[in-house]
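Chain by chain, the residues run as shown.
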Amino acid sequence: MLDEEEISLLLSDLYDLYGYDFSNYARASLRRRISRLCLLDKFPSFAELRYRVRTDPDYLMRFVEEITVNVTEMFRDPEFYRFVRETVLPDLGSKPFIRIWHAGCSTGEEVYSMAILLQEAGLLKKSLLYATDLNPSVLEKARRGIFPLHMMKQYSENYVMGGGKADFSDYYTAHYGQAKFREELSEKMIFSTHNLVSDRSFNEFDFILCRNVLIYFDKDLQEHVLRLFDASLGTLGYLALGTKETIRFSSVQRSYRQVSKEKVWRKVEN
């Protein structure tokens, strides 16, 4: 297990050399993930790990991918998607154009889930889905829209529990153990790197989703990110967080009312 000084040295390297700022990530979680990577890649010493991170751009991408959490699935927490299907999208449907931001989108399963909901609601053609992540390599996976075929049974079950009525297999083609999702879904997606720690607001959105990302940040960084979302969300827009996340006790709390136990808030008029 790496000690505190070694973790701090690595984080300084990442910031000074590459601009990645992990200083306000939950330290215990970071230490576990970096220590696990040392074991996986069989580094005999901290010095060799640090040298590799500083000098090998390909390994840097692996390092960032391993220490940022990329666990996701399609229609995760089906009751959340049922609420979006039955309440949020009918409300947004009255708008001439819908902008949705998936912040920390990882490999893209939730973005494709949203595109399917929009398609079924007849809203995809007038929507734009911005999918951002710190990590370029997971964004490339998301952009391709190809997921393991063996996951489709679980995803199909999630889809049905979330109110889906169509045949889920109609949305993808199976090929050599992979499921490739239909091009018409990804045509309305814009994938881009965005660092929640250092980058600013880049548009005004009707719906922002950042589910199960804030739990890996300390309180100060959570506050920073919630302020960023507040600056990016239009009045009466919706904000969705993960099941263990909240805006309670934040500086933006008074501008929102919770509209679902599934951790969805609506920005109220000032």
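Residues numbered from 1 in each chain as written. Predicted model: local features only at pLDDT ≥ 70, side-chain atom pairs only at ≥ 80, totals over all residues. Heavy atoms only, no water.

**Focus: the environment of aspartate 218**
Our working definition: Elements are defined by DSSP. Helices are runs of H or I of four residues or more, strands are runs of E of two residues or more, and each kind is numbered from the N terminus. Residues count as neighbours in contact if any of their non-hydrogen atoms are within 4.5 Å of one another. In the analysis that follows, any N or O atom pair within 3.5 Å is treated as a polar contact, provided that within protein one partner can donate a hydrogen and the other can accept it, and provided that, for residues neighboring in sequence, both atoms belong to side chains.
Looking at the secondary structure, you find aspartate 218 in the loop between β7 (205–210) and α10 (219–232). Here the alpha-carbon distance between aspartate 218 and glycine 93, two residues 125 residues apart in the chain, equals 36 Å. Setting aside anything within four residues of it in sequence, one finds aspartate 218 in contact with Asn24, Tyr25 and Ala26. Within the structure, the side chain of aspartate 218 is placed 3.2 Å from the backbone nitrogen of aspartate 220, a separation counted as a polar contact.

**As for the side chain of glutamate 109**
With respect to the element layout, glutamate 109 can be found in helix α6 (residues 109–120). Here threonine 107 takes part through its side chain, which lies 2.7 Å from a polar atom of the side chain of glutamate 109. When sequence neighbours within four positions are dropped, the list of residues in contact with glutamate 109 reads Thr72, Glu73, Met74, Phe147 and Tyr155.

**Considerations on helix α8 (residues 152–161)**
Filter applied, for reference: Burial classification: accessible surface area is computed with a 1.4 Å probe over protein chains only, and a residue below 20% of its type maximum counts as buried, one above 50% as exposed, and the rest as partly exposed. As used here, the arc belongs to the directions running from the helix axis to the C-beta atoms.
Within the sequence span of α8, burial applies to Met152, Tyr155, Asn158 and Tyr159. Viewed along the axis of α8, the buried residues span an arc of 120°, placing them on a single side of the element. Packing partners of the buried residues in α8 comprise α5 (78–92), α6, β3 (146–148), β4 (172–175) and β5 (178–181). Immediately downstream of α8, the backbone of glycine 163 shows phi near 100°, a positive value.

**A short note on the side chain of threonine 132**
Residue placement: threonine 132 occurs in strand β2 (residues 127–133). When its relative accessible area of 4% is taken as the criterion, threonine 132 is described as buried. Beyond its immediate stretch of four places on either side in the chain, threonine 132 contacts Trp101, His102, Ala103, Gly104, Cys105, Leu139, Ser192, His194 and Phe202.

**A word on the packing of aromatic side chains**
For clarity, the threshold we go by: Any pair of Phe, Tyr and Trp rings, taking the six-membered ring for Trp, is counted once the centres come within 6.5 Å. Such a pair is stacked with planes under 30 degrees apart, edge-to-face with planes over 60 apart, and tilted for the rest.
Following the criterion strictly, the structure yields 24 aromatic pairs and no others. Seen in terms of ring centroids, phenylalanine 22 and tyrosine 25 are 4.8 Å apart; in terms of plane orientation they differ by 70°. Their pairing is edge-to-face. Judged by its relative accessible area of 1%, phenylalanine 22 falls in the buried class. Judged by its relative accessible area of 10%, tyrosine 25 falls in the buried class. An aromatic cluster of three or more residues is present, and its members are Phe75, Phe80, Tyr81, Tyr112, Phe147, Tyr159, Phe168, Tyr171, Tyr172 and Phe181.

**Considerations on the sheet that holds strand β10 (residues 264–267)**
What counts is decided by this rule: Strand pairing is defined by DSSP finding a minimum of two bridges between the two strands. In this analysis an axis means a line fitted to C-alpha atoms, helices contributing only their contacting stretch, and an angle means the value between N-to-C directions, from 0 to 180 degrees.
In spatial order, the strands read β6-β2-β1-β7-β8-β10-β9; together these seven strands make up an open sheet with mixed pairing. Every other strand in the sheet has two partners, leaving β6 (189–193) and β9 (256–260) as the edge strands with one partner each. Neighbour-to-neighbour, the strand axes of this sheet turn through a mean angle of 20°, independent of strand direction. Against the sheet, α5 engages β1 (98–103), β7, β8 (233–241), β9 and β10, with an angle of about 165° to β7. Here helix α7 (residues 136–144) sits on the sheet and contacts β2 and β6; the angle it forms with β6, its principal contact strand, is near 170°.

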